[in-house]
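Listed below are the residues making up each chain.
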Amino acid sequence: MTVPKRRLVLMLKIKTGFVLREIANQTIAVPIGQRTSEVHGVVALSESGALLWNELSKGAEKETLINILLETYEIDRETAVADVDDFIKGLSEQGVMEE
């Protein structure tokens, strides 16, 4: 009997302790509570960044994020992958992503 291969799924998630605010047509993520001592300042989000942030706040696979960009914007897969990678890398560097 052949055992089906299991696919390892990496769930990406933003740490708790942020609220999204709309200020002058700009979406920003503001740290609250204990998060203010870890993340200094706010995280400015583009329109696509806000879409991805909302998914990441619930936990999402990278492929889900790529598909959201492909369905929302007229871009090719290569661009969507690069955009998601850059966004996640930026958030990780700011200490916003769960390990």
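Our subject is the structure listed above.
Scoring rules and cut-offs
Residues numbered from 1 in each chain as written. Predicted model: local features only at pLDDT ≥ 70, side-chain atom pairs only at ≥ 80, totals over all residues. Heavy atoms only, no water. Axes fitted to C-alpha atoms, helices over the stretch in contact; angles between N-to-C directions. Helix = DSSP H or I, 4+ residues; strand = E, 2+ residues; numbered from the N terminus. Left-handed = near helix turned anticlockwise from the far one by under 90°. Contact = heavy atoms within 4.5 Å. Nonpolar A, V, L, I, M, F, W, Y, C, P; charged D, E, K, R; others polar. Pairing = 2+ DSSP bridges. Salt bridge = Lys/Arg side-chain N within 4 Å of Asp/Glu carboxyl O. Buried < 20%, exposed > 50% of the residue type's maximum accessible area, 1.4 Å probe, protein only.

In the contact formed by helix α2 (residues 47-58) and helix α3 (residues 62-72), the axes pass within 10 Å of each other and the chain directions differ by 145 degrees. The way α2 lies across α3 gives a crossing that is right-handed. Packed against α2, whose contacting residues are Ser 48, Leu 51, Leu 52, Glu 55 and Leu 56, the element α3 presents Thr 64, Leu 65, Ile 68, Leu 69 and Thr 72 at the interface. Residues of the contact of α2 with α3, tallied by class, amount to six nonpolar, three polar and one charged.

The strand order across the open sheet built from three strands is β2-β3-β4, with neighbouring strands paired in antiparallel fashion. Both edges of this open sheet fall to β2 (18-23) and β4 (43-45), since each of them pairs with a single strand only. Averaged over all pairs of adjacent strands, the angle between their axes in this sheet comes to 30 degrees, without regard to strand direction. Bridging between β2 and strand β3 (residues 26-31) involves six bridges; their strand directions are antiparallel. Along β3, the bridge assignment pairs Val 19 with Val 30.

Below, the discussion takes up the pattern of salt bridges. If you walk through the whole model with that rule in mind, you get five salt bridges. The residue Arg 35 makes a salt bridge to Glu 38 at a minimum N-O spacing of 2.3 Å. One end of the pair, Arg 35, and the other, Glu 38, are both in helix α1 (residues 35-38), three residues apart, so they sit about a helical turn from each other. Here Glu 38 falls in the partly exposed class, since its relative accessible area comes to 36%. One salt bridge in this structure joins Lys 89 and Glu 93, with 3.9 Å as the shortest N-O distance. With Lys 89 and Glu 93 both in helix α4 (residues 77-93), this residue pair falls four residues apart, about one helical turn.

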